[in-house]
Amino acid sequence: MSELGIALIAAGAAIAGSVATGWFTRNAGIRQAEAARRAGERQADALLETVRMTLQEQAAVRVLALRRQT
């Protein structure tokens, strides 16, 4: 086999390897972005629930304070 043939085979293998690596890296990035989005949504839901609970507790405290005044 000539040097040109060997060089073409090596170049083709390098290109195929980088395409395969790029494909798997892209898929991993997509999965990681989706996991980060879900984690952010869970964190936002937890924050909203905390705010709801705080507001309910404050309302209950106001009702008790009004009862004490009467």
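First, a word on scope: everything that follows refers to the structure included in this document. (Residues numbered from 1 in each chain as written. Predicted model: local features only at pLDDT ≥ 70, side-chain atom pairs only at ≥ 80, totals over all residues. Heavy atoms only, no water.)

## Details of the overall build of the protein
And step 1. Along the protein, the regular secondary structure elements total one helix and zero strands.
And step 2. Here the C-alpha atoms of the protein give a radius of gyration of 30 Å, more than 25% beyond the 11 Å that 2.2 N^0.38 yields for 70 residues.
And step 3. Each principal axis of the C-alpha distribution contributes one length, and for the protein these read about 100 × 10 × 5 Å.
And step 4. Residues counted as buried form 1% of the 70 residues belonging to the protein.
And step 5. Averaging the positions of the 9 positive and the 6 negative side-chain charges in the protein gives two centres separated by 11 Å. (Helix = DSSP H or I, 4+ residues; strand = E, 2+ residues; numbered from the N terminus. Rg over C-alpha atoms; globule rule 2.2 N^0.38 Å. Buried < 20%, exposed > 50% of the residue type's maximum accessible area, 1.4 Å probe, protein only. Lys, Arg positive; Asp, Glu negative; His and termini not counted. Charge placed at Lys NZ, Arg CZ, Asp CG, Glu CD.)

## Quick word on the packing of aromatic side chains
Any two aromatic rings considered together are summarised by their centre-to-centre distance and by the angle between their planes.
And step 1. Evaluated as defined, the whole model comprises zero aromatic pairs.
And step 2. Positioned above the aromatic ring of W23 is the side chain of R26, whose terminal nitrogen or guanidinium carbon lies 5.1 Å from the ring centre. (Phe/Tyr/Trp six-rings, centres within 6.5 Å; stacked < 30°, edge-to-face > 60°. Lys NZ or Arg CZ within 6 Å of the ring centre and 35° of its normal.)

## Observations concerning the pattern of salt bridges
And step 1. All told, the structure shown has four salt bridges when counted by the stated rule.
And step 2. A cluster of three or more residues bridged by salt bridges with shared partners is formed by E34, R37, R38 and E41. (Salt bridge = Lys/Arg side-chain N within 4 Å of Asp/Glu carboxyl O.)

## Overview of the environment of A35
And step 1. Mapped onto the fold, A35 is located in helix α1 (residues 3-69).
And step 2. The spatial distance from the C-alpha of A35 to the C-alpha of R62 is 41 Å, given a sequence separation of 27 residues.

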